[in-house]
Every structure is written in structure tokens, then in C-alpha cells.
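Descriptive structure summary
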Amino acid sequence: MFKGGHGSLNESYVPQVANHGVLKYPHRMNFYDVPPTFDTTIEEFERCALDRLRILAEIESSAARNRTWEELKTVTRAQCEKYLPLNFNLVAKHNDLDLERRRDHLSHFVLRLAFCRSEDLRRRFVKAETTLFKVRYDDDMGKDRDAFLDSRDFNWTSVGQEEQRQYKTELEAAYPVSKSELDRPSEKYYKVKWTRVPDLVERRKVFLKEGWAYVPSREQSSIVFQEFETHLERALEMTARLLPRLDEDTRLLPILNNLSQGFLAGISSEWSNASGSTNTDEIKAEMVDGMAKKHFPLCMRTLHESLQRDNHLKHFGRLQYGLFLKVLGLSVEEAVAFWRKSFSRITDDKFNKEYKYNIRHSYGLEGKRANYPAKSCLQILTGGPSEYGCPYRTFSPENLQAALLSSYSQQGLRSVDLPEIMAAVKSSHFHVACTRVFEITHSADVRKGDGVGGESVTHPNQYAARSIELEKAAKEAMDVE
Amino acid sequence: MPSAEIDVSPEVMLTFYRRLYPFKTIFNWLNHEHAPSRLFTHREFAFTLQGDVYLRYQSFNNADELKKQVCQLNPTRFEIGPVYSARPRDKKTIRAGAFSPQVRELVFDIDMTDYDPIRTCCKDAGICKKCWGFIAAAVHVIDSAIRDEFGYEKLIWVYSGRRGIHLWISDKEAMELTDQQRKSLVGWLTAIHPTAKESSKKPNFRFGGKLPPSLQNALQYLKTIFGELILTEQDCFESEEGYEELLQYISDSRTVESLRTKWEDSPSRSSEDKWNDLLRIASSRPNLIPALEDVIIQYTYPRLDAEVSKHRNHLLKAPFCIHPKTGRVCVPLDVTSIDKFDPEGVPTVGQLLQELDAIGREEGAAISHSDWEKTSLKPYVDLLDRHSQGLMDEVRKEKRKDDVSW
Ligand SMILES: [Zn+2]
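Counting restarts for each chain, with residues numbered from 1 along the sequence as it is written. Chains and ligands are labelled sequentially in the order written, the chains with letters from A and the ligands with numbers from 1. Side-chain atom pairs in this predicted model are given and counted only at pLDDT of 80 or more, local residue features only at pLDDT of at least 70, and totals for whole chains, interfaces and linings cover all residues. Values reported for side chains reflect all heavy atoms of the structure, with hydrogen atoms and water molecules removed beforehand.

1. Points about the overall build of chain A
Applied cut-off: Strands are runs of DSSP state E lasting at least 2 residues, helices are runs of H or I lasting at least 4, and numbering of each runs from the N terminus. Classification of residues uses two cut-offs on accessible area relative to the type maximum, computed with a 1.4 Å probe and protein chains only: under 20% is buried, over 50% is exposed, and between them is partly exposed. In this analysis, two residues are considered to be in contact whenever any of their non-hydrogen atoms come within 4.5 Å of each other. Method for areas: the Shrake-Rupley scheme with a 1.4 Å probe, in which residue coverage is limited to the protein chains shown.
Regarding its fold elements, chain A presents 23 helices and four strands. The buried share of chain A, taken over its 481 residues, is 49%. Put simply, of all contacts in chain A between residues at least 6 apart along the chain, 73% involve residues at least 24 apart. Summed over all atoms, the accessible surface of chain A reaches about 24,200 Å², with 51% contributed by carbon and sulfur.

Structure below.
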């Protein structure tokens, strides 16, 4: 519907006229009945979705932290303001309104694709989306809300005067009014099938007659929320059935996988949550290469080297390595500089258009502390394309041994160390192999069995941070001496 | 010979299945039309074999297949589950996600055990005509709530063979209810939580002091049976334990004290006398009335086994099975004569076989497909057949409507 000349012509003729008729999205809120049919870039596709994901993740963690409804609303509003603002009709200019609403529309449908894949994901997505809907519904203003509700057929029938008189006693008993409300003009009722208001039925807070629930206007939201939830549940199941076709689009699949994993990991990837960026010293773009050789685990060494060799990394690798560098402590400016230098074969124009925003974005915009955690070992081991997986798992034994020697012989790894490492690999104890490499390459400070600060490697950033810490401690000790 | 009547040996069961069990009737009732549909072919049957071996996910193409398998396995009883998205017997070859319950009759189970804390006539597995009063009251309340409030019409009540009753609702809309919706409906019909030990907690089913309309409807009826059932037959407040329970509902401690003294002093006062004492006080102190209403509801409102109703995939014993402990047939019941129903009047499998024998001697031994017609099973089979006819008429009407819209 956004294709063709007609729409754009209209837009240029009547810019920002105070007439809601020209809004492509006349309502602030959306029931998401119609999927977006406009063209979008793959970057916008991902960006919007990640923005929405932050809001949903915060909603999920609100439940985990047992926030009250009011607290949840405050937190969710703040997240929305930051990532996916949705203004009221009277507040903003029309162009902005349509843009905001378009992003809201698009992001919802992208996440549907990402979260329809398993029953668990569907359930969590429906719950978070319904909560978001309720928060926005609560904030919506009377007139806007009425117009929004009018835009959709809820199949509710107004209860006529006569019928209302007929069931006067029952209605009054079902919806007791306080004394102060008594002089209010009598309440309006709507009739829906009882299955539309199961929560009211379960608590016996409604009048039922022959399968119809008589719902007073003040309980109308019950119908709306239930409708939103059931509709979304059904739509997700439908999408899940259609998805195999979509999987053929190789550009989308990694993004969708990544999104759903992001939701699963939430913001709770233990390691990055605990530490954020542990490195207080500023890391410059030109320092990365040197640090890689001294401090990175094999997975990140591999990504770094293929980036240097090919002057390119595919999407998933970019994301994985980029988040790792972010948590390592590379500022957004330095990250842009690093990637610009590494992608030496493309033009500035192409870089700015296709990559820059994404890098800034992975920083959560404006330097906000990591909301997208870097991938943990578990995620690297289990998800994503194998070329960016854990090398201890994906490399053939010969390749792995060659890679280990070429990567770590400068830090003291010798071929006599290999049998022990390969034995761990063979029994699928990849983290044990990685931890052993760490011990060997830091043998000046770490004894066998010490691991990474007393534990096994569970996260590439944990590996790197500990390595940097040990180097710093050694330096300081020397300074004192 | 009572011992012959509760003979449920494999030989007896096999003869029963071969000659008496109305498979065609069960098929029509589950299938809603003559030609086998998914309602039957995708339906789960589960068999309990001799020695308590449990066999799930059986399914059949038609009534004859079902009969053949039943006669072959000769189960002590069998149960009916939901209609799945695929044939249950193919379950193992189907992707897990592609096998899920789709539709299922909305079912209820009321069992005498949930009334053990209040009934005084029998205990445990026992049941008599007196305590059947509780079940009858529950049937009245549930039946009219389902019809008047939820608008369902295709209800059939089935005696469970010992001390309870099942309700199967076959309206299309009811069959399509999700588990979530079933849970909500059960919530609506639950006022007493049998697990919460009564005395400790006073019931709380009022909003702002008022009873919701559904409970008011129930109360109108329950008031009419409370006197005979609770005061006369069960005599619930006769013992000290019984009347102390009653006094829990009265919040005014001076009233409680004076009644307690009075009742302690004259232990001969019957439940009815004690209730009248309360009514007399209430006539001058109307704020006591809600408490008395609560008592009536607490003692007579249906006590449901909620778990049975909440999930589509819950299995429930098929009508006309034989209860292994009593030998009685799980017969469908006519709700209008539920008050007169006497569990001990239900035919046992032994009795039915004796009837068959008697006919056999008279007519020569021509075994026919529907031998039940000649036994006292007939009125019960006819009852379910009439019910199924209603379901089939409904389906035919629907189909005709579709034709017109074409
Ligand atoms: Zn009894």
C-alpha cells in the first residue's frame, strides 16, 4: 500500500495539514491486523525489531523482578520513549507520527517472525506484547481511544434500554455501584459471547444469560485485551505454519534467530550483566589488533583474523564480534573507526549507509550501556551458523591444531600441549579445552586448574577481561618493584 | 444372588460387550452423524485391561472396529478422550507439534467423596438414597446454570456406576472451548473449594456484600431442598461438632454464645429446631440473613472435581461401562427424574446376563446385534439415542444452512 506514486504525491501536496485524514496511521495504537506491505531495508528491519525487543525484554524482566503494575508502566513508558516513541495525534507533526507508527507496525511483525518458532517463545511474546498493549491503552486519551476502538469490529452489541430494564436486578447485582456512583446516568452495557471475557467469567464478575456476557462499559477493556491476546496467539500459530517458506530467505534467517536468542538470553547473560565493560582503560581502534593477539579466545581470534584477511565479515560474524568488542570496552566512536578501517575495500558512502548505523545501534544508541549482551559460549555453541560457532567444536581436528599453534605459540603454547587439549575436545568438553588454552597461555600467572579467575570459560569476554586484568596486575607489580 | 450380580469376571465382561454394549449408540453420540467423521475417527479411546494395564491412544474408523477391539482386549472399562488433530493410533509417527487435542465435550464429574465432610449417612465408597440428594441438588444447579447462563443445550448426565455422576455437553461451541475457557467456566461454577478445610475459612463469594446473580439463582433452588436434605435427612447440626460448624458462620459472638448454651442444655434439639432458632433471631436481625444464605450454599452447592473439566485431554469413562466394584452399568439419566433416582436400582451386568438367559430359554438362542432391547438396559440406551438424535438433527440443520449459502 505504500508503493506507487499516489501516496507519495499526496504527501508532497499536503504536508502537515491538521487533518487526520492524511495520516496513514490515523491511530496511535495498532491491533496489528494487517501486516506491513511497504518496502524496507534489511537494516531497518533489524533495527526496529531490536528496539522493540528492548521494550519487551524490560517488560519480561519486570515480571521477574516482581514489579507492580504502576512500576511496570513507568519503566515501560520510559523504554518506549527511548526506543519506539508513539505520540498522540495532537502532539506531534504528522510526518513524525506516521514514521513512529510505521516503526511500531514493522517491528511488531518482524518479532512475530522471530518468535513464532516455538510454543515457549510464542507464549512469552504474546504475554509481553499484550502487556505493552495494555500499558499503551492505559495511556491513550479518551477520544483517541474511542476512535481507535471504533476502527475495529469487536462484535459487541449495545444492550438496548428495554433489555437493560429486563435484567435490571441481575445487572445491578453483578456490578454493584458505590453510593457516589448512584446518581450517575445509568451505565451502558455491551453484549459479547462469554468466551470473550473469560477472566470476568472466572471471577464471576459478569452477568451471563444464554451464553452472552453483559459487560459494562467500564469493563470494556477486558474484551479489548482478550481480543488482542487471542488474535495474536492465533496469528503466531499461523505464521509458524507459513514460516518454512520464509526460511529460504538467507538474509532474514540469521537476523530472526539472533532476535529470538536475544530474547531468550534477555538482558540476563550473567557474565556481561555482572560486569558490563570491565576495562576502565580506553581502547583505541588501532589497539584491537594487538589485543586480539594477546587476549582473545580462539573464537574471537578467528573472527578477527578473517576480518583482517578478507576485509569483510558477514552479518552474523559482524554482530558477534561487534558485541564482543563493545563489551571489551571499545567506545562507539572507536568501533566505527575500527570497522571503517577493517572494511577497507568499500566506499565511505556504502559504509555509512549500510554499516555505520548498525554499529551505533548495537551500542544501544547514544552510548547507552549494553542492552544487547555479547554472545556467551553457550549461545555461540548452540546457535547461529557454524562458521561463527565455537572453533573447538566446529573445526576439524587438524585445522584446530593448526589454528591453535598459529594463534598461541607466541604465548607459549607448544605442540606437546595439544594432545591434552584435543582429548577434551574429543569428549565434547569444549569449554575445558578453551580454559586449558587460557591456562597455558597465561602460565606466568595461572596454574593448571586455576581457570579464568577460578572458573571455566563461559564467555569470550570473560576470557579476554581476565587476560587483560592479569597483564595489568603484572605490569603494576613490576612498577612497584 | 447378590454375589452373581457383582460378578465382573472376564467371561461376564466379554458376554456383556458382545451382546449388550450399545456400540452404535456410543458411535452416534460421539460422531453427531451417520457417516464416520473426525469426531469419531480422531477420537482417543483408552482401555483399562485386566490387571490394570492402561492402554492409551486407541482410535477407530467406525463402531464395528471399536466393538471388535473391545471384544478382543476385553477391558474392565474404557474411557473417552478428545478429538485430536490426527488419528491417535498414528501418534507415534506424527511430529509432536502436529498432534494436539482439538475438540472435546465439556465434561463435569461430581463425586460423593467431596461431600464426605458434610454427609452423615455414609462414608467413603458408600452411597445411599439419602446422600444421593447432594448429587441431585448439584445436577439441578449445574444443569440450569449451563443452560440458562451459558446457553448450552446438548447435555447428558451419566451415572458413574458407584457414587458419582458425569455430565457430557456436546454443543458445538462447548466442544470447541479452549482449556483456558474451560478453566474460566469451572471458576464460574465453583463456590466451594473442597480442598480448603471448611471451618477454617468462611466462604467468600460475595461482592460488596451481595451475591452475584448466578449464585442468587442457585440459592433460590437450594433453599427449597435445604430443609429436607440437610436438616431432616442428613441432620447435619444434630451433633456438637455439627452445630459448632454452623455457629462458625455467625459473626456476632453474643448470638453464638446464647445459642451454644441453649443447644448444649437440650441435646435433643434436632437440626431443624436449631435452624428455626436461627431463623427466629434473623427475623428481628436481618443482617444475619446473608450468613444463613452462605450456610445453605456451603452445604448444598455443587462440589466439582475441577481438574476433570479444565483440560480437553482429560479422559472420562464411557457411558454403559461396568463399574468394576459394583458391577453396575454407567447409565445415562433423565435429569427431570434425577431426584427419584436410586443408585441401587441400576441394573448390574450380572442381572442383565440373567435376563438374557431367561429370554434365550424362551426364544431359542438367536444372538442378535441389539440384545439390549430385550433387557432392562433398553430405557437407558433409548435415552442416549434420543439425545444423539438431537445432535444429528443439529448437524443436518447446519449442513442445510451451508447448502443454502452456496
Ligand atoms: Zn448415604
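That shown, we press on.
2. A short note on helix α6 (residues 142-150) of chain A
At 3.6 residues per turn, the α-helix brings residues three or four places apart onto the same side. Residue and element names in this part refer to chain A. Counted only if it meets this: The arc in question is the one traced by the directions running from the helix axis out to the C-beta atoms.
Residues of α6 that are buried include every one of Asp144, Phe148 and Leu149, and no others. Along the axis of α6, the buried positions cluster into a sector of 130 degrees, meaning they face one direction only. Projecting away from the buried face of α6 at angles above 90 degrees are the exposed residues Lys143 and Asp150.

3. Remarks on the pattern of salt bridges
All names here are of chain A. Let me state the cut-off plainly: A pair is scored as a salt bridge if a Lys or Arg side-chain nitrogen falls within 4 Å of a carboxyl oxygen belonging to Asp or Glu.
Applying the stated rule across the entire model yields 51 salt bridges over all chains. Linking Asp104 and Arg52 is a salt bridge whose minimum nitrogen-to-oxygen distance equals 2.7 Å. A residue pair is termed long-range when its members are at least 10 positions apart, and Asp104 in helix α4 (residues 94-115) and Arg52 in helix α2 (residues 42-64) qualify at 52 residues. Looking at Arg52, the relative accessible area reads 0%, which means it is buried.

4. Looking at the interface of chain B and chain A
What counts here: Accessible area that two parts lose when put together, evaluated with a 1.4 Å probe and summed over both, is termed the buried area. For this classification, Asp, Glu, Lys and Arg are treated as charged, while Ala, Val, Leu, Ile, Met, Phe, Trp, Tyr, Cys and Pro are nonpolar and the rest, including Gly, are polar.
Counting residues at the interface gives 26 residues for chain B and 21 residues for chain A. Taking both partners together, chain B and chain A bury about 1,900 Å²; carbon and sulfur atoms supply 61% of that area. Taken as a group, Trp188, Phe207 and Pro213 of chain B account for 34% of the area that chain B buries against chain A, more than any other trio of residues on that side. At the boundary of chain B with chain A, the tally comes to two salt bridges. Every element with two or more residues in the side of chain B that touches chain A is listed here: α6 (129-149), α8 (179-188) and α9 (213-233) of chain B. Looking at which element gives the most residues to the side of chain B that touches chain A, the answer is α8 of chain B, with seven residues. Residues that form the side of chain B that touches chain A fall into these classes: twelve nonpolar, eight polar and six charged.

5. Concerning the UniProt feature "binding site: [4Fe-4S] cluster" (unreviewed entry) in chain A
Residues and elements named next belong to chain A. As a reminder of what qualifies: UniProt positions are given in the numbering used here, feature names are shortened, and annotations may be inferred rather than shown by experiment.
The UniProt entry lists Cys299, Cys377, Cys390 and Cys434 under the feature "binding site: [4Fe-4S] cluster" (unreviewed entry), expressed in the numbering used here. Across 136 residues, the annotated set stays spatially compact, with a maximum C-alpha separation of 10.4 Å. Along the chain, the position of Cys377 falls in helix α18 (residues 377-382). Mapped onto the secondary structure, Cys390 falls in the loop between α18 and α19 (391-394). The exposure class of Cys390 is buried, given its relative accessible area of 13%. When near neighbours in sequence (up to four residues on either side) are disregarded, Cys390 contacts Ile380, Leu381 and Phe430.

6. Observations regarding the sheet that holds strand β1 (residues 157-158) of chain A
Residue and element names in this part refer to chain A. For clarity, the threshold we go by: Pairing between strands requires that DSSP locate at least two bridges from one strand to the other.
Across the sheet, four strands lie side by side as β1-β2-β4-β3; this open sheet has antiparallel pairing. Looking at the sheet topology across the chains shown, the edges are occupied by β1 and β3 (207-209). Bridge count for strand β2 (residues 189-193) against strand β4 (residues 212-216) is five bridges, and the pairing is antiparallel. Residue pairing in the sheet places Tyr190 in a bridge with Val215 of β4.

7. Things to note about the coordination of the zinc ion
Residues and elements named next belong to chain B. Condition: Ligating atoms shown are N, O and S within 2.8 Å of the metal, or 3.2 Å for Na, K and Ca, and water is not included, meaning a site may look less than complete. Each label reflects the angles at the metal, where four donors whose angles all fall between 85 and 135 degrees are tetrahedral, four or six donors whose opposite pairs open beyond 155 degrees and whose other angles stay between 65 and 115 are square planar or octahedral respectively, and the rest are irregular.
Listed as protein donors to the zinc ion are Cys121 (SG), Cys122 (SG), Cys128 (SG) and Cys131 (SG); their distances from the metal cover 2.2 to 2.3 Å. Because the angles between the four donor atoms bound to the zinc ion fall within 101 to 118 degrees, the donor set is best described as tetrahedral. All donors of the zinc ion come from a single chain, and their spacing in sequence reads C-C-x5-C-x2-C. On the basis of relative accessible area, Cys131 is assigned to the buried category, the value being 0%.

8. Considering the pairing of strand β5 (residues 106-111) of chain B
Residues and elements named next belong to chain B. Counting buried positions along β5 yields six of six residues, so the element is predominantly enclosed. A two-sided burial pattern is seen for β5, the buried positions comprising Leu106, Phe108 and Ile110 on one face and Val107, Asp109 and Asp111 on the other. Bridge count between β5 and strand β7 (residues 164-169): six bridges; the pairing is antiparallel. Each residue of the ladder has a partner; that of Val107, found in β7, is Trp168.

9. Some details on a negative patch on the surface
Residues and elements named next belong to chain B. Worth spelling out the cut-off: Grouping into patches uses exposed residues only, defined as over 30% relative accessible area, and leaves out salt-bridged ones; the cut-off is 9 Å for like charges and 5 Å for nonpolar side chains (Val, Leu, Ile, Met, Phe, Trp, Tyr). In summary, the charge assignment counts Lys and Arg as positive and Asp and Glu as negative, without counting His or the chain termini. For the purpose of locating charges, the reference atoms are NZ of Lys, CZ of Arg, CG of Asp and CD of Glu.
On the surface, Glu240, Glu241, Glu264 and Asp265 cluster together to form a negatively charged patch. Where the negative patch is concerned, the elements lending two or more residues are α10 (240-247) and α11 (253-265). Relative to the helices and strands, Asp265 is located in helix α11. Residue class for Asp265 comes out exposed when judged on its relative accessible area of 60%.

10. Regarding the pairing of strand β3 (residues 77-84) of chain B
Residues and elements named next belong to chain B. With seven of its eight residues buried, β3 lies for the most part within the structure. Of the pairings in the sheet, the one linking strand β1 (residues 43-49) to β3 comprises five bridges and is antiparallel in character. Note on β3: the bridge partner recorded for Phe47 is Phe78. In this structure, β3 lies alongside strand β8 (residues 316-317), joined through two bridges in antiparallel fashion. Residue pairing across strands places Ile80 opposite Leu316, the latter belonging to β8.

11. So, the sheet that holds strand β6 (residues 155-159) of chain B
All names here are of chain B. Taken together, the four strands give an open sheet; going across it, the order is β5-β7-β6-β9, and neighbouring strands pair in antiparallel fashion. The strands lining the two open edges of the sheet, one partner per strand, are β5 and β9 (332-333). Where β6 meets β7, five bridges bridge the pair, whose relative direction is antiparallel. Counted as the bridge partner of Val158 is His166 from β7.

12. Thoughts on the confidence of the model for chain A
Residue and element names in this part refer to chain A. Short version of the rule: What pLDDT expresses is the predictor's confidence in each residue, scored from 0 to 100.
With 82% of its residues at a pLDDT of 70 or more, chain A has an overall mean of 80. Of all helices and strands in chain A, the one with the weakest mean pLDDT is helix α1 (residues 5-13) (32), whereas β3 scores best (94). In this model, residues 1-20 is a region of pLDDT below 50 whose contacts with residues beyond four sequence positions or in other chains number 17 contacts. Here residues 365-370 is a poorly scored stretch, pLDDT under 50, and it has eight contacts once near neighbours within four places are set aside; other chains count.

13. Considering the packing of helix α21 (residues 418-426) of chain A against helix α22 (residues 430-441) of chain A
For any two helices packed against each other, the geometry comes down to the angle between their axes and how far apart the axes lie. Residue and element names in this part refer to chain A. Quick reminder of the rule: Under this scheme, a helix contributes an axis fitted over its contacting stretch, all axes are lines through C-alpha atoms, and angles between N-to-C directions fall in the 0 to 180 degree range. Roughly parallel means an angle under 35 degrees; roughly antiparallel means over 145; roughly perpendicular covers 65 to 115; every other angle is labelled oblique. Crossing handedness follows the turn of the near helix against the far one: under a right angle anticlockwise gives a left-handed crossing, and clockwise gives a right-handed one.
One way to put it is that α21 packs onto α22 with a least axis distance of 7 Å and a crossing angle of 160 degrees. With respect to their mutual orientation, α21 and α22 come out roughly antiparallel. Where α21 crosses over α22, the two elements pack in a sense that is left-handed. Counting all contacts with α21, which are made through Glu420, Ile421, Ala424 and Val425, the residues of α22 involved are Phe430, Val432, Ala433, Arg436, Val437 and Ile440. For the contact of α21 with α22, the class distribution of residues is eight nonpolar, no polar and two charged.

14. Topic: the environment of Asp273 of chain B
Residue and element names in this part refer to chain B. Worth spelling out the cut-off: Polar contacts, as used here, are pairs of N or O atoms within 3.5 Å; protein pairs need one atom able to donate a hydrogen and one able to accept it. Residues neighboring in sequence count only if both atoms are side-chain atoms.
Positionally, Asp273 belongs in helix α12 (residues 271-284). For Asp273, a relative accessible area of 29% puts it in the partly exposed group. Along the backbone, Asp273 and Phe237 are 36 residues apart, and their C-alpha atoms lie at a distance of 9.5 Å. Polar contacts involving the side chain of Asp273 include one to the main-chain amide nitrogen of Ser270, which spans 3.0 Å.

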